[in-house]
Amino acid sequence: MATQLESIVAYHRDLAARDTRRLASVMKDADRVPDPPSLLDALVRSGTEPLRLIAEVKRRSPSAGALATELDPAALAAAYERGGAAAISVLTDGPHFGGSPADVRAVRDASTLPILRKDFTVSGLDIADARLMGASAVLLIVAALSRRELRSFLEVADALGLTSLVEVHNARELEIALELGALVIGVNQRDLATFAIDPQRAAALAASFPSDVVSVAESGIGDVATARQCAALGYDAVLVGEALVRSADPEATVAAFCAPVDEGASA
């Protein structure tokens, strides 16, 4: 029986197979869109600076079910920016996460922050579409792509001026991402086969990151203490979704995640 990841990726590959647009033509259209702010630049930090936060706009997920189905992406994005987030992640998968490309456009209109289009990228057209939406970056999941696809998609994103957040789950996937020149790599602590969280995964891979690669810890970052543990391990950023969309005051919650340690020790 197919895993959750396999089923979701199969759905997106079927959509891509039925998309008859020519990549070169769509890339030409995407090049006419104003340059987005850089996600890479937003996430680079020195060891003395606060951990960077990628704050997520997410209505639901296969693992947690409904989170905030009636959320206003523009209002949430504005709150995230006021709270001090470095960037915003926006789910655009509809059937599994309740998102849409319209959410990216709404966030783009409401915020000046870089936007990660978080979806299951399986074609170059997905990347060009992200630029057309106003996104600054795309998600590339090593477990969902062949080495050839990953290399090609990194090249397409680079040609369009987009950052690639390359997502890994183990040491072998991290090795592949580094071999192909990924500059921003996220360690997803959620097993995409079972959707269970392994809270030790980020810790296990932290020491394997070169100093010139931006490292992001993803999934299972449910509170400020856990985020600070990631910072202590050397991570440059964390991606947080559920804790923010469930919060009664997302601006204050973001501010707590982003506060320097001496200012937010009691958060």
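Remember, predicted model here, so these are calculated numbers, not experimental data. Throughout, a residue's number is its position along its own chain's written sequence, starting from 1. For this predicted model, a pLDDT threshold of at least 70 governs which residues receive local features, and a threshold of 80 or more governs which side-chain atom pairs are given and counted, while totals over whole chains, interfaces and linings are taken from all residues. Note that water and hydrogens are dropped before the side-chain values are worked out from all heavy atoms of the structure.

Engineer: Tell me about the sheet that holds strand β9 (residues 214–218), and please be specific about residues and values.
Structural biologist: At least two DSSP bridges between two strands are required for those strands to pair. Strands are runs of DSSP state E lasting at least 2 residues, helices are runs of H or I lasting at least 4, and numbering of each runs from the N terminus. Taken in spatial order, the eight strands close into a barrel running β1-β4-β5-β6-β7-β8-β9-β10, and their pairing is parallel. Neighbour-to-neighbour, the strand axes of the sheet open up by a mean angle of 25°, direction not taken into account. As defined by bridge partners, strand β7 (residues 163–168) adjoins strand β8 (residues 184–188) across four bridges and the pair is classed as parallel. Bridge pairing in β8 places Val168 opposite Val187. Contacting β1 (52–57), β4 (87–91) and β5 (115–118), helix α6 (residues 101–110) runs over the sheet at an angle of about 160° to β4. Axis definition: a line fitted to C-alpha atoms, limited for helices to the stretch in contact. Angles are taken between N-to-C directions and run from 0 to 180 degrees. The contact definition used throughout considers only heavy atoms, calling two residues in contact when any of these lie within 4.5 Å.

Engineer: Please give an account of the pattern of salt bridges that cites residues and values.
Structural biologist: By salt bridge we mean one thing: a side-chain nitrogen of Lys or Arg within 4 Å of a carboxyl oxygen of Asp or Glu. Taken as a whole and judged by the stated rule, the model has 15 salt bridges. As a salt-bridge pair, Asp35 and Arg131 come within 3.0 Å of each other at their nearest N and O atoms. Separated by 96 residues along the polypeptide, Asp35 in the loop between α2 (23–30) and α3 (39–43) and Arg131 in helix α7 (residues 124–133) bring together distant segments of the chain. Assessed through its relative accessible area of 70%, Asp35 is described here as exposed. Note that Arg147 and Glu179 form a salt bridge whose closest N and O atoms lie 2.9 Å from each other. Of this pair, Arg147 sits in helix α8 (residues 147–159) while Glu179 sits in helix α9 (residues 171–179), placing them 32 residues apart in sequence. Overlapping salt bridges, with partners in common, bring together Asp19, Arg21 and Asp129 in one network. Throughout this description, buried means an accessible area under 20% of the type-specific maximum (1.4 Å probe, protein chains only), exposed means over 50%, and partly exposed covers the range between.

Engineer: Describe the packing of α2 against α7, with residues and values.
Structural biologist: Between α2 and α7, the least distance of the axes is 9 Å, while the angle of their chain directions is 20°. Classified by the interaxial angle, the pair formed by α2 and α7 is roughly parallel. Of the two possible hands of crossing, α2 and α7 adopt the one that is left-handed. Mapping the contact onto sequence places Leu23, Val26, Met27, Asp29 and Ala30 in α2 and Gly124, Leu125, Ala128, Asp129, Arg131 and Leu132 in α7. For classification purposes, angles smaller than 35 degrees are called roughly parallel, those larger than 145 roughly antiparallel, those between 65 and 115 roughly perpendicular, and all remaining angles oblique. Crossing handedness is defined as follows: a turn of the near helix away from the far one that is anticlockwise and smaller than a right angle gives a left-handed crossing, while the clockwise case is right-handed.

Engineer: Just give me the short version of the environment of Ser111, but keep the residues and values in it.
Structural biologist: With respect to the element layout, Ser111 can be found in the loop between α6 and β5. Each C-alpha atom of the pair Ser111 and Ala87 lies 9.5 Å from the other, and the pair is 24 residues apart in sequence. By the criterion applied in these results, polar contacts are pairs of N or O atoms within 3.5 Å in which, for protein atoms, one can donate a hydrogen and the other can accept it, and in which residues neighboring in sequence qualify only through two side-chain atoms. Among the polar contacts listed, one links the side chain of Ser111 to the backbone nitrogen of Leu113, at a separation of 3.0 Å.

Engineer: How would you sum up α9? Please name residues and give values.
Structural biologist: Among all positions in α9, only Glu173, Leu174, Ile176 and Ala177 are buried. Taken down its axis, α9 places every buried residue within 160° of arc, on the same side. On its buried face, α9 sits against α8, β7, β8 and α10 (201–205). The N-terminus of α9 is capped by Asn170, whose side-chain oxygen sits 3.2 Å from the backbone nitrogen of Arg172. Downstream of α9 by one or two residues, Gly181 has phi in the positive range, about 85°. Taking the helix axis as origin, the arc is that swept by the directions to the C-beta atoms.

Engineer: Outline α7, supporting the account with residue identities and numerical values.
Structural biologist: Taken across its 10 residues, α7 has nine buried, putting it largely inside the fold. When α7 is considered as a whole, its buried residues turn out to be Gly124, Leu125, Asp126, Ile127, Ala128, Asp129, Ala130, Arg131 and Met133. Where α7 is buried, its residues touch α2, α6, β5, β6 (137–141) and α8. Phi turns positive, to about 105°, at Gly134, one or two residues after α7.

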